[in-house]
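Below, each chain spelled out in residue letters.
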Amino acid sequence: MSLTPASAITASDTSTNAAVPHQETVPVAVQKNHSRSAVQSIKTSTNEPAWIRILLIAVTIGFLSLFLFIPLAAVFTEALRKGWGTCLASFRDPAAWSAIKLTLIAAGIAVPLNMVFGLVASWAIARFEFSGKSLLITLIDLPFAISPVVSGLIFVLLFGSSGWFGPWLAKHDLQIIFAVPGIILVTIFITFPFVARELIPLMQEQGSEEEQAAISLGAGGWQTFWRVTLPNVRWGLMYGVILCNARAMGEFGAVSVVSGHIRGRTNTVPLHVEVLYNEYNFVAAFSVASLLAVLALVTLAMKTLVEIRLERQMAEAQATSSTHST
Amino acid sequence: MNIDISRITRTFGAFRALDDVSLNIGDGELVALLGPSGSGKTTLLRIIAGLETTDADCKGSVSFNEVDVTNKAVGKRGVGFVFQHYALFRHMTVFENIAFPLRVRPRSTRPSGTEISRRVQELLDLVQLGGLAKRFPAQLSGGQRQRIALARALAVEPQVLLLDEPFGALDAQVRKELRTWLRRLHDEIHVTSVLVTHDQEEALEVADRVVVMNKGRIEQAGSPEEVFHQPATKFVMEFLGQVNVFHGRVAAGKASLGNLTVEYPAWPHEEERAATFYMRPHELDIRKHPSDGASLAARVTRVNPAGSSARIGLQTADGVDLLVELTLDRYRDLDIKRGDDVFVYASQTRVFVPDYEVDYAI
Amino acid sequence: MKWKFKSYSVLPGFGLTMGCTVVWLSLMVLIPLSALFLRASGLTAEELWKTVTDPRIVASYRLTFGAALVAAMINAVFGFIVAWTLVRYDFPFKRLIDAFVDLPFALPTAVSGIALTAIYSKNGWIGQYLEPLGIKVAFTPLGITVALTFIGLPFVVRTLEPALHDLEKDTEEAAAILGANRWQTFWRVILPALLPSLLTGFALSFARAIGEFGSVVFISGNMPMKTEITSLLIITKLEQYDTTGATAIACVMLLASFVLLGAVNSVQWYISHRSRGGS
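Residues numbered from 1 in each chain as written. Chains lettered and ligands numbered in written order. Predicted model: local features only at pLDDT ≥ 70, side-chain atom pairs only at ≥ 80, totals over all residues. Heavy atoms only, no water.

**Examining the overall build of chain C**
So, point 1. Each helix and strand counted, chain C has 13 helices and zero strands in total.
So, point 2. Taken from the N to the C terminus, the helices and strands of chain C come in the order α-α-α-α-α-α-α-α-α-α-α-α-α.
So, point 3. Summarising its shape, the C-alpha atoms of chain C cover approximately 70 × 65 × 35 Å along the three principal directions.
So, point 4. Counting across all 279 residues of chain C, residues that qualify as buried make up 57%.
So, point 5. Long-range contacts, defined here as pairs at least 24 residues apart, represent 73% of the contacts in chain C between residues at least 6 apart.
So, point 6. For chain C, the exposed area adds up to about 12300 Å²; of that, 68% sits on carbon and sulfur atoms.
So, point 7. With 21 positive and 17 negative side-chain charges, chain C shows a spacing of 4 Å between the two charge centroids. (Helix = DSSP H or I, 4+ residues; strand = E, 2+ residues; numbered from the N terminus. Buried < 20%, exposed > 50% of the residue type's maximum accessible area, 1.4 Å probe, protein only. Contact = heavy atoms within 4.5 Å. Areas by Shrake-Rupley, 256 points an atom, 1.4 Å probe, with all protein chains shown as cover. Lys, Arg positive; Asp, Glu negative; His and termini not counted. Charge placed at Lys NZ, Arg CZ, Asp CG, Glu CD.)

**What to know about the pairing of strand β1 (residues 3–12) of chain B**
Residues and elements named next belong to chain B.
So, point 1. A large share of β1 lies buried, amounting to seven of its ten residues.
So, point 2. Where β1 meets strand β2 (residues 15–25), seven bridges bridge the pair, whose relative direction is antiparallel. Its bridge partner being in β2, Ile5 is matched across the sheet by Leu23.
So, point 3. Linking two consecutive strands that pair antiparallel, namely β1 and β2, is a turn of two residues; a positive phi of about 65 degrees is found at Gly13 within it.
So, point 4. In terms of strand pairing, β1 meets strand β4 (residues 61–64) through four bridges, oriented antiparallel. If you follow Ile5 over to β4, its bridge partner there is Val62. (Pairing = 2+ DSSP bridges.)

**Brief notes about the interface of chain C and chain A**
So, point 1. Contacts between the two partners involve 86 residues from chain C and, on the opposite side, 89 residues from chain A.
So, point 2. Between chain C and chain A, roughly 7900 Å² of surface is buried when both sides are summed, and carbon and sulfur atoms account for 81% of that area.
So, point 3. Run the count over chain C and chain A and you get four salt bridges.
So, point 4. The closest approach of N and O atoms between A:Glu48 and C:Arg182, which form a salt bridge, is 2.7 Å. (Buried area = accessible area lost by both parts, 1.4 Å probe. Salt bridge = Lys/Arg side-chain N within 4 Å of Asp/Glu carboxyl O.)

**Thoughts on the packing of helix α7 (residues 180–190) of chain A against helix α1 (residues 14–41) of chain C**
So, point 1. At a closest axis distance of 10 Å, the pairing of α7(A) and α1(C) adopts a crossing angle of 115 degrees. When the interaxial angle is binned, α7(A) and α1(C) end up roughly perpendicular. Both α7(A) and α1(C) take part in a crossing whose hand is left-handed. Along the contact surface, α7(A) presents A:Leu185, A:Ile188 and A:Phe189, while α1(C) presents C:Trp24, C:Met28 and C:Val29.
So, point 2. Here the residues of the contact of α7(A) with α1(C) sort into six nonpolar, no polar and no charged. (Axes fitted to C-alpha atoms, helices over the stretch in contact; angles between N-to-C directions. Parallel < 35°, antiparallel > 145°, perpendicular 65-115°, else oblique. Left-handed = near helix turned anticlockwise from the far one by under 90°. Nonpolar A, V, L, I, M, F, W, Y, C, P; charged D, E, K, R; others polar.)

**As for the side chain of A:Glu251**
All names here are of chain A.
So, point 1. Inspection of the secondary structure puts Glu251 in the loop between α10 (221–250) and α11 (253–259).
So, point 2. Classification of Glu251 by relative accessible area gives buried; the value is 5%.
So, point 3. A polar atom in the side chain of Glu251 sits 3.2 Å from the backbone nitrogen of Gly253.
So, point 4. Ignoring any residue separated from it by four or fewer positions in sequence, one finds Glu251 in contact with Pro148, Ile190 and Pro270. (Polar contact = N/O pair within 3.5 Å; in protein donor to acceptor, adjacent residues only side chain to side chain.)

**Brief notes about helix α5 (residues 172–189) of chain B**
Residues and elements named next belong to chain B.
So, point 1. In this model α5 runs 26 Å from its N-terminal to its C-terminal C-alpha over 18 residues, within 8% of the 26 Å that 1.5 Å per residue would give.
So, point 2. Inspection of α5 places Leu178, Arg179, Trp181, Leu182, Arg183, Leu185 and His186 among the buried residues, and these make up the whole buried set.
So, point 3. Turning to α5, the residues buried within the fold contact β3 (30–34), α3 (113–126), α4 (142–154), β7 (160–164), β8 (192–197) and α6 (200–206).
So, point 4. Immediately beyond the C-terminal end of α5, within one or two residues, lies His190, with a positive phi of roughly 55 degrees. (Expected span 1.5 Å × (residues − 1).)

**What about unusual backbone geometry?**
Residue and element names in this part refer to chain B.
So, point 1. The backbone of Tyr86 sits at a positive phi, close to 70 degrees, despite the residue not being glycine.
So, point 2. Summarising the element assignment, Tyr86 is placed in the loop between β6 (79–82) and α2 (94–103).
So, point 3. Given the relative accessible area of 11%, Tyr86 is considered buried.

**What to know about the pairing of strand β17 (residues 309–316) of chain B**
Regular strands place their side chains on alternate faces of the sheet.
All names here are of chain B.
So, point 1. Along β17, seven of the eight residues are buried, which leaves the element largely enclosed by surrounding structure.
So, point 2. Bridging between strand β16 (residues 296–304) and β17 involves six bridges; their strand directions are antiparallel. In the sheet register, Ala298 faces β17, and the bridge partner there is Thr316.
So, point 3. Counting the residues between successive antiparallel strands, the hairpin from β16 to β17 contains four residues, one of them, Gly307, with a positive phi of roughly 135 degrees.
So, point 4. Strand direction decides the pairing type here: β17 and strand β18 (residues 321–327), joined by seven bridges, are antiparallel. Note on β18: the bridge partner recorded for Gln315 is Asp321.
So, point 5. The turn joining β17 and β18, which pair antiparallel and follow one another in sequence, is formed by four residues; a positive phi near 90 degrees is taken by Gly319.

**Quick look at the packing of helix α3 (residues 94–127) of chain A against helix α12 (residues 269–278) of chain A**
All names here are of chain A.
So, point 1. Packing of α3 against α12 leaves a shortest axis separation of 8 Å and a crossing angle of 150 degrees. In terms of axis orientation, α3 runs roughly antiparallel to α12. Touching Ala95, Ala96, Ala99, Ile100 and Thr103 of α3 are Val269, Pro270 and His272, all from α12.
So, point 2. Residue composition of the contact of α3 with α12, grouped by class: six nonpolar, two polar and no charged.

**Section: the confidence of the model for chain C**
So, point 1. Per-residue confidence for chain C gives a mean pLDDT of 88, with 96% of residues at or over 70.
So, point 2. Helix α3 (residues 55–88) of chain C holds the highest mean pLDDT among the elements of chain C, 94, whereas helix α13 (residues 243–276) of chain C holds the lowest, 81. (pLDDT = per-residue confidence, 0-100.)

**Some points on the sheet that holds β2(B)**
All names here are of chain B.
So, point 1. Pairing in this open sheet of four strands is antiparallel, and the strands run β2-β1-β4-β5 from one edge to the other. Edge positions in the sheet fall to β2 and β5 (67–68), since each of these pairs with one other strand and no more.
So, point 2. Where helix α1 (residues 41–49) meets the sheet, its contacts fall on β1, β2 and β4, and the angle it forms with β1 comes to roughly 120 degrees.

**Points about the pattern of salt bridges**
Once the charged atoms of two side chains with opposite charge are near each other, the side chains can pair.
Residue and element names in this part refer to chain B.
So, point 1. Following the criterion strictly, the structure yields 48 salt bridges over all chains and no others.
So, point 2. As a salt-bridge pair, Asp285 and Arg330 come within 3.0 Å of each other at their nearest N and O atoms. Here the residue Asp285 occupies a position in strand β15 (residues 284–287), and Arg330 occupies one in helix α9 (residues 328–334), the gap between them amounting to 45 residues.

**Looking at the nonpolar core**
So, point 1. A:Ile140, A:Phe155 and C:Ile234 are the most contacted members of the largest nonpolar core, which totals 178 residues.
So, point 2. Examining the composition of this core, we find that 15 residues originate from one element, α3(C), more than from any other.
So, point 3. Those residues in contact with A:Phe155, other than ones at most four positions away along the chain, are A:Gly160, A:Ile177, A:Leu185, A:Val186, A:Phe189, A:Val258, C:Met28 and C:Pro32.
So, point 4. In terms of nonpolar packing, the next biggest core, distinct from the first, is built from 49 residues, B:Leu34, B:Val82, B:Tyr86 and B:Val191 among them. (Core = buried A, V, L, I, M, F, W, Y, C linked by side-chain atoms within 4.5 Å.)

**Quick word on the sheet that holds strand β19 (residues 341–346) of chain B**
Residue and element names in this part refer to chain B.
So, point 1. Read from one edge to the other, the open sheet built from five strands follows the order β15-β19-β16-β17-β18, with strand pairing classed as antiparallel. Lying at the two open borders of the sheet, with one neighbouring strand each, are β15 and β18. Taking each pair of neighbouring strands and ignoring which way they run, the sheet shows an average axis angle of 45 degrees.
So, point 2. Here four bridges tie β15 to β19, and the two strands are oriented antiparallel to one another. By the bridge assignment for β19, Asp285 is matched with Tyr345.

**Observations regarding the packing of aromatic side chains**
So, point 1. All chains considered together, the criterion is met by 32 aromatic pairs over all chains.
So, point 2. Ring centres of A:Phe252 and C:Phe213 lie 5.8 Å apart, and the angle between their planes is 15 degrees; this geometry places the pair in the stacked category. Here A:Phe252 is found in the loop between α10 and α11, whereas its partner C:Phe213 is found in the loop between α10 (182–211) and α11 (214–220) on a different chain. Each member of the pair, A:Phe252 as well as C:Phe213, is classed as buried.
So, point 3. With a centroid separation of 6.3 Å and an interplanar angle of 15 degrees, the aromatic rings of C:Phe80 and C:Trp84 are classed as stacked. Within this pair, C:Phe80 and its partner C:Trp84 are both found in helix α3, separated by four residues, close to a single helical turn.
So, point 4. In this structure C:Phe80 comes out as buried when scored by relative accessible area, which is 11%.
So, point 5. Residue class for C:Trp84 comes out buried when judged on its relative accessible area of 4%.
So, point 6. Connected via pairs of aromatic rings, a cluster forms that spans A:Phe252, A:Tyr277, A:Tyr280, A:Phe282, C:Phe213 and C:Phe218.
So, point 7. Here the guanidinium or amino end of B:Arg287 rests over the ring plane of B:Tyr345, the centre of that ring lying 4.1 Å away.
So, point 8. Over the aromatic face of C:Trp84 sits the side chain of C:Arg88, whose NZ or CZ is 4.7 Å from the ring centroid. (Phe/Tyr/Trp six-rings, centres within 6.5 Å; stacked < 30°, edge-to-face > 60°. Lys NZ or Arg CZ within 6 Å of the ring centre and 35° of its normal.)

Quick look at the structure:
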């Protein structure tokens, strides 16, 4: 005899209505009533005592204030030390404008390129099984492991006057190092892994079932990508792009090596900040820095919003994959 | 150890997980808390363990051998708890997992190293996994992990053993094996045990007593035979085993379902009321020709003799589907086929009138 | 079975995407990087050794690695507390504070550099209180450590947070039921379970600190033999048109970061190996 739960067949007699009130009053065997004073709440097994909790929260807030909030506040305070007028005056300097322009150009080229690369690479890596996959992921991650100054040095060794292509470039009157192309190249290099490393785990988590379904329903590869894959990873993509952009606009060390610090020509915003600071023009330095700090705050805000979306998406992906495996 | 649970209420936000629940569990008994998810069975178990508290304004209590333990910390209650997902310490070997409760004792009562080794080996032998002491949990199968978890729970020499869906994460085959094994182990060590499960087969097979729970209340507590054959409520009737459900009427001492009418003295009132009829598939019989007694005319829609009994699907003239289970012998004698017009006889019918719970059988 | 490079899939585009990935990766990362190694391999061992063991450079290693190590240790301790409170406890503005943990990622390093210098210089917000106590932060190794702590903080917190989320409440409850008090549970159950993540976060924070430049150059003061970090020396060599020297030092730094990366990877391999139960 089978003992599967739930009623086998539910039917209703034609003469009666099917709605059965599901109210049951079951008398529970009432046992002797212990007369006792109010139950004190017992210490739950997996909680720390209140004083430890408060102490730890205080340490957290103290530590983060010391290292995060105070420096951030200092940027704005220093910028406004001599009032709004002086602060805004720093942006009237043509050098500041050309720095902003150069930063926008560098990020504007590096970010889209890395975004496309991230999508392409994660399709290849997360949607197919092939040997050498983990090596490929490690190689993509490589620029993260290389310090900014060394990254800059690499391009000097390639394109500098004594570098591999140096003589050839000089002969054709082309300049990469100490010029805009060098800045763009190092920016691409240092932000190389950002998008790919966000997308690969997300796409691996989601699995390729939806794409397979799309293909089986007659969609082409391109349609599948646009209609199924991209909508599924859009928040992860956003997340990677936001981080990539923040780094591209804010990079200092690597860009510093290849820029040559030519005022008004090869200075990005962070380099401009350095120049102003080294000229003891502190208010101007902090004013321009506060522009970057605002950029950082916007980045954090957008990142948090995307994170909330992404968490939801990851949770859904996990839920589907776990129901699938059980 | 005798466990006395008295008037426990527990709410989570607006959700009432336990609603004034009282239960007594005898010394050495193996009790199964059975119910659908959200019925409060796990919450009750966790309150017995001390992992969960009762509502602040709840005056109820949990007593072990007449001693109130409601406010006793979980580590001091002397209970063993087996988790659904094992909760083994991943970074420790099997040996260290089982030795853990002995090693965290206060220095004064902590056994010596050799004593710990001896005890761990004893427990490993008890769960028949003597050779696995040096393995890590990740290197074991699900069934082995759960047995190690049980050995670890027994290492505290518990007065009470609590098992929260212990076989829920295992394959059907392993689950059956472990079930039988757990029953044998209980017969061996006789520690008062409470097992939470949503699997009725498990509850009915393993437990001395089954407590069926629903919506934070106890629907019925009794021996497996009692709850299965004499369900106290509509819920128990529907939850245990398969059942055909019909909606009919009662009035003036009679319950009627189409042309089937049965005596129903429990409702002597003239007023007509809706009533629910329950008939278990194995309590129904099929005859090709009408004979004495009330019957339902129906047509055979499906015949499935694959299995230890034959399952016949039918439909009445009113379009109501029902299921009948016949012994294979009976099925062969009858020789029915799809499309045959037959008559269904009930050896037992239970009628429930909403808000008027009486079980009546003919 | 015959070895195959790629297993069968109905999805299209493997050749195209794989090809683009490998080409672009080679052009942008692998070929430039190989330039460094080829240049370094062109040096004689004697040259190389002489450059990388120059006393001024050795002093910079000591400073860079020492300060990075101390900063990573500070981050391991406080990052653990931060991650713990952010995951386990509820308090006002938690989400906001959590978002700010990433500030060091988002804030350009030059900005953090000048901000930290301003705060810790002798008339800065914090520096003015430390100065009378005889503690100098800006333009000392201590200042460098402060900057590196700032830079490395998110690594520890962000590596620990998911591990803390994944920590099953079951195991802690099991420990409590088995008679362990909260302290024993922490040391014997929680910390060992989190240790791989903590080590990973520590190593990432350490690796980042070794290579950090922007936030350090302002606060360090850059005094030869005293507060010069290794990254700065590479730039100095380049400014003197000593590409050979710069390359040699860069190789030492690369080697260090690869060793750390390898350590992180083996820790992660160990984690996945243990949880999947291979062997």
